[in-house]
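Chains, contacts and geometry: an overview
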Amino acid sequence: MKILITGGAGFIGSHLAEKLVGEGHDVLILDDLSTGSLQNIQHLIDAGHVSFTKGDVMRRGDVAPLAEKADFIFHLAAAVGVRTVVDKPLESMVRNIEGTQNVIEAAAKKGVPFLVTSSSEVYGKNDDLPFHEHSERVYGSAYNERWGYALSKAVDEFMALAYWREKKLPTITVRLFNTTGPRQTHRYGMVIPNFVNHALRNEPLIVHGDGEQVRAFSHVSDIVSGLVDLMNAGTAVYGEIFNLGSTEAISINDLAKRVIQHTGSASLITHVPYHEVYNATFEDMRKRVPNISKIQEAIGYAPRYTLDDTIKAIIGHYQSL
Ligand code: NAD
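My aim in this report is to walk through the structure given alongside it, one point at a time.

Scoring rules and cut-offs
Residues numbered from 1 in each chain as written. Predicted model: local features only at pLDDT ≥ 70, side-chain atom pairs only at ≥ 80, totals over all residues. Heavy atoms only, no water. Near = heavy atom within 4 Å. Areas by Shrake-Rupley, 256 points an atom, 1.4 Å probe, with all protein chains shown as cover. Helix = DSSP H or I, 4+ residues; strand = E, 2+ residues; numbered from the N terminus. Pairing = 2+ DSSP bridges. Axes fitted to C-alpha atoms, helices over the stretch in contact; angles between N-to-C directions. Buried < 20%, exposed > 50% of the residue type's maximum accessible area, 1.4 Å probe, protein only. Contact = heavy atoms within 4.5 Å. Core = buried A, V, L, I, M, F, W, Y, C linked by side-chain atoms within 4.5 Å. 1 Å grid on protein atoms, 1.4 Å probe; cavity = no way out; pocket = protein on both sides within 12 Å on 5 of 7 lines; lining within 4 Å. Points joined across faces, edges and corners; volume = space filled by probe spheres on them. Polar contact = N/O pair within 3.5 Å; in protein donor to acceptor, adjacent residues only side chain to side chain.

Neighbouring residues of the ligand: 29 residues in total, closest Asp31, Thr35, Asp56, Leu76 and Arg95. Compared with its free state, where it exposes 820 Å², the ligand has 95% of that area covered by protein. Listed by contribution, the elements that provide at least two residues to the shell around the ligand are helix 1 (11–22), strand 5 (114–119) and helix 6 (146–167). Here the shell around the ligand gets 3 residues from one element, more than from any other, and that element is strand 5.

Right under this line is the structure:
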């Protein structure tokens, strides 16, 4: 098949491209290289398996000719992460909402199945854990930019469901929980690459807040396997939302200790209050862990990597640079 990945030069997109090429597909990538990098996919382009277009999902003229050729579309292009949205709220909202509108409309013109990567952020401040797909979404004040990311991803979800219900466009919505692994950059504050990068230099690991917030991290290889299996599942998964992530939960304090242990680092752990990292109104989610029974039942999803495997893979990646 010919498969279009928007955001395919990014962290998850480049791993997804690799997996699809490995399974014999032709891959088209549309990426503006805002947070992605050609370096992530150069080996695939050189091998002749991937055709790359530098372009913007917010420009219909960039999206349409590629969507026209595609048999399936993975829409990953987005302003990613809370840091980005707090720093550039307007650009991020437009990118995530208008960008998705353009890509899904192009998919609908030809009836191409469309998968969008949403985020566990959509659950907001809900503390009824673990989150399942029908859990409530609980957001703070609109004056707090932090919730703009959650909201923009939630709009993407509503859009995908509306196209399915009203236009019968096959859509799949995947709520990704923290995904990490080799190639993820530490530049945008992603926590494990950040810790590893500092630990390898024996610099302090900076933990935001009291560090007792809990997350569950997946290896990107498990995530892209899940995405490809959803693509292959066909009609049974159309019009559905799936959590995709790990259930191995850890506090950020313990995560920092784990990274120090695996790197043999002399780094110390330092705590910095949220208001110094973001702003005075910043609110975090205390705990974020998925219930993954729906995706387990749909495609037999079973993560293969433990958190320790994942941390070691990221250490290996940074040591090889
Ligand atoms: P990433 O920043 O590496 O990937 C995003 C890619 O989209 C980048 O290559 C970027 O250059 C591209 N892009 C951004 N705006 C664009 C535009 N207007 N036009 C074309 N390309 C554009 O981040 P990632 O971690 O690989 O995230 C991929 C997707 O997964 C995103 O939709 C993100 O919201 C979602 N997600 C990721 C995580 C995670 O933990 N990494 C968690 C939840 C959801």
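What follows continues from the structure just given.
Glancing now at the sheet that holds strand 1 (residues 2–6). Taken in spatial order, the 7 strands line up as 3-2-1-4-5-6-11 in an open sheet, and their pairing is parallel. At either margin of the open sheet sits one strand with a lone partner, and together these are strand 3 (50–54) and strand 11 (240–244). Ignoring which end each strand starts from, the neighbouring axes of this sheet average 20° apart. When strand 1 meets strand 2 (residues 26–31), the two strands line up parallel, connected through 5 bridges. Note that in strand 2 the partner of isoleucine 5 across the bridge is isoleucine 29.

A few words now on helix 7 (residues 191–200). For helix 7, a buried count of 7 out of 10 residues is recorded, marking the element as mostly surrounded by other parts of the structure. Residues of helix 7 that are buried: Ile192, Pro193, Asn194, Phe195, Val196, Asn197 and Ala199. Where helix 7 is buried, its residues touch strand 7 (179–180), strand 8 (205–208), helix 9 (252–263) and helix 12 (307–320). Phi turns positive one or two residues past the end of helix 7, at asparagine 202, with a value near 60°.

Take the nonpolar core next. Ranked by internal contacts, the top residues of the largest apolar core, which has 36 residues, are Leu16, Leu20, Phe74, Ile172, Leu227 and Leu230. Elements that contribute at least two residues to this core include exactly strand 1, helix 1, strand 2, strand 4 (72–75), strand 6 (171–176), helix 8 (220–233), strand 11 and helix 11 (293–299). Aside from chain neighbours lying at most four places away, what touches leucine 16 is Ile5, Phe74, Leu76, Val224, Leu227 and Val228. In this structure, Ile73, Val116, Ala160 and Tyr163 belong to the second largest nonpolar core, which totals 21 residues.

The next point concerns the environment of glycine 55. By the secondary structure assignment, glycine 55 is in the loop between strand 3 and helix 3 (60–69). Note on glycine 55: relative accessible area 4%, which makes it buried. Separated by 22 residues in the primary sequence, glycine 55 and leucine 33 have C-alpha atoms spaced 8.3 Å apart. The residues contacting glycine 55, other than those within four sequence positions of it, are Leu30, Asp31, Asp32 and Asp62.

Moving on: empty space enclosed by the protein. Inspection of every chain in the model, using the stated rule, returns 1 cavity of 30 Å³ or more. By volume, the largest cavity is sized at about 30 Å³. Around the largest cavity sit His75, Leu76, Ala77, Ala78, Asn96, Thr100, Val116, Thr117, Lys153 and Asp156, which together line it. Elements with a contribution of two residues or more to the lining of the largest cavity: helix 5 (89–110), strand 5 and helix 6.

So, about the side chain of arginine 175. Position of arginine 175 among the secondary structure elements: in strand 6. When its relative accessible area of 4% is taken as the criterion, arginine 175 is described as buried. Reaching out from arginine 175, the side chain makes a polar contact with the backbone oxygen of glutamate 133 at a distance of 3.2 Å. Excluding anything up to four places from it in sequence, arginine 175 contacts Ser118, Ser119, Val122, Tyr123, His132, Glu133, Glu157, Ile241, Phe242, Asn243 and Leu244.

Note that all results are geometric; they support no functional claim without further evidence.
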